[in-house]
Amino acid sequence: MHFQQITKDSVFDAVIVANGDYPTAQIPCAIVSRAHYLCCCDMAGITVLGHGLMPQAIVGDGDSMPRAYLPAIEDIFHQIDEQDDNDLTKATRFVMKQGMRRIAYIGATGKREDHTLANIALMVTYYRDFGLQPTMITDYGWFVVTEGNASFDTFPGQQVSIFNVSCQLLQSDGLKWPLYPFKELWQGTLNEATSTKVHIKSDGIFTAYFTFETKSGKI
């Protein structure tokens, strides 16, 4: 599997906006504004409307949705009352039914730390159990989930973190510190790309995080 850098021109089947911190950086804002299909989690839909954008769908249980907004969004609001899944997963299942597989998640971090951790962890579920290619994009970088052998476009000095999910074999080329099959999630964090490509060899699933800038903030 080969992964290109995420840029403002990156294209996804769908973009899902969650009700965390709305993006302020150029790249995630551009991806939201240019989305082919924009789906929002509950109150995030009102935030998106406030930024002058019209989503194709707003999905959730409606628990955070002010009643006064419902008449204005009744044609695009899809209420799902079951509580086994959170709104992010409800929105994911909804776009899956439209045949979409490559999905960007934006606004899924910030505000509550427990929600942030849960949403990052859900990327593995969406990849492993739903068969999706999820990408979580923040103001600072992006997360992707993959398995086996993978290559990534990088730039020297780009900050990289690797989170081992199920690998017994984990090796790398192009990182400052070679990978190994970490036992703890924190052990693969705060690495750095040394060239324009990073190659990872594995026998299981891992999550990778890449920053938009170098540690110094310059590219």
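Scroll up for the structure.
Now for a look at the structure at hand. Everything numeric in this text was worked out from a predicted model, so none of it was measured.

With that settled, the discussion passes to the pairing of strand β2 (residues 14-17). Burial along β2 is two-sided: A14 and I16 and V15 and V17, pointing in opposite directions, are all buried. Bridge analysis of β2 against strand β6 (residues 102-106) gives 4 bridges, and the strand direction is parallel. Its bridge partner being in β6, A14 is matched across the sheet by I103. With 3 bridges joining them, β2 and strand β3 (residues 38-41) adopt parallel strand pairing. Residue pairing for β3: V17 is matched across the bridge by C40. Each parallel crossover has a hand, and the one from β2 via helix α1 (residues 26-33) to β3 is right-handed.

We now examine the environment of L175. Assignment of secondary structure puts L175 in the loop between β11 (170-173) and β12 (191-192). Spatially, the C-alpha atoms of L175 and V17 are 31 Å apart, while their sequence positions differ by 158 residues. The residues contacting L175, other than those within four sequence positions of it, are V160, N191, E192, A193, T194 and V198.

Time to look at the sheet that holds β6. Spatially, the 10 strands line up as an open sheet ordered β5-β4-β3-β2-β6-β7-β8-β14-β10-β12, and their pairing is mixed. The open sheet has two edge strands, β5 (77-79) and β12, and neither has a second partner. Sheet topology note: the strand β8 (residues 141-147)/strand β14 (residues 205-214) ladder contains 7 bridges and is antiparallel. In the strand pairing of β14, V145 is matched with T207.

Turning our attention to helix α5 (residues 113-128). Every α-helical turn comprises 3.6 residues, leaving residues that sit three or four positions apart pointing alike. The terminal C-alpha atoms of α5 lie 24 Å apart, and with 16 residues this matches the ideal 22 Å at 1.5 Å per residue to within 8%. Looking at α5, one finds that the buried residues are T116, N119, L122, M123, V124, Y126 and Y127. For α5, the secondary structure elements touched by its buried residues are α4 (87-97), β6, β7 (133-137), β8 and β14.

Overall, the coordinates contain 7 salt bridges when judged by the stated rule. A salt bridge links D87 to K90, with the nearest nitrogen and oxygen atoms 4.0 Å apart. Of this pair, D87 and K90 both sit in helix α4, 3 residues apart, which is roughly one turn of that helix. Looking at D87, the relative accessible area reads 19%, which means it is buried. Assessed through its relative accessible area of 2%, K90 is described here as buried. As a salt-bridge pair, K197 and D153 come within 2.4 Å of each other at their nearest N and O atoms. Here K197 is found in strand β13 (residues 197-202), whereas its partner D153 is found in strand β9 (residues 150-153), with 44 residues between them in sequence. Classification of D153 by relative accessible area gives buried; the value is 19%.

Reading guide: rules and limits
Residues numbered from 1 in each chain as written. Predicted model: local features only at pLDDT ≥ 70, side-chain atom pairs only at ≥ 80, totals over all residues. Heavy atoms only, no water. Buried < 20%, exposed > 50% of the residue type's maximum accessible area, 1.4 Å probe, protein only. Helix = DSSP H or I, 4+ residues; strand = E, 2+ residues; numbered from the N terminus. Pairing = 2+ DSSP bridges. Right-handed = clockwise from strand over helix to strand, strands pointing away. Contact = heavy atoms within 4.5 Å. Expected span 1.5 Å × (residues − 1). Salt bridge = Lys/Arg side-chain N within 4 Å of Asp/Glu carboxyl O.

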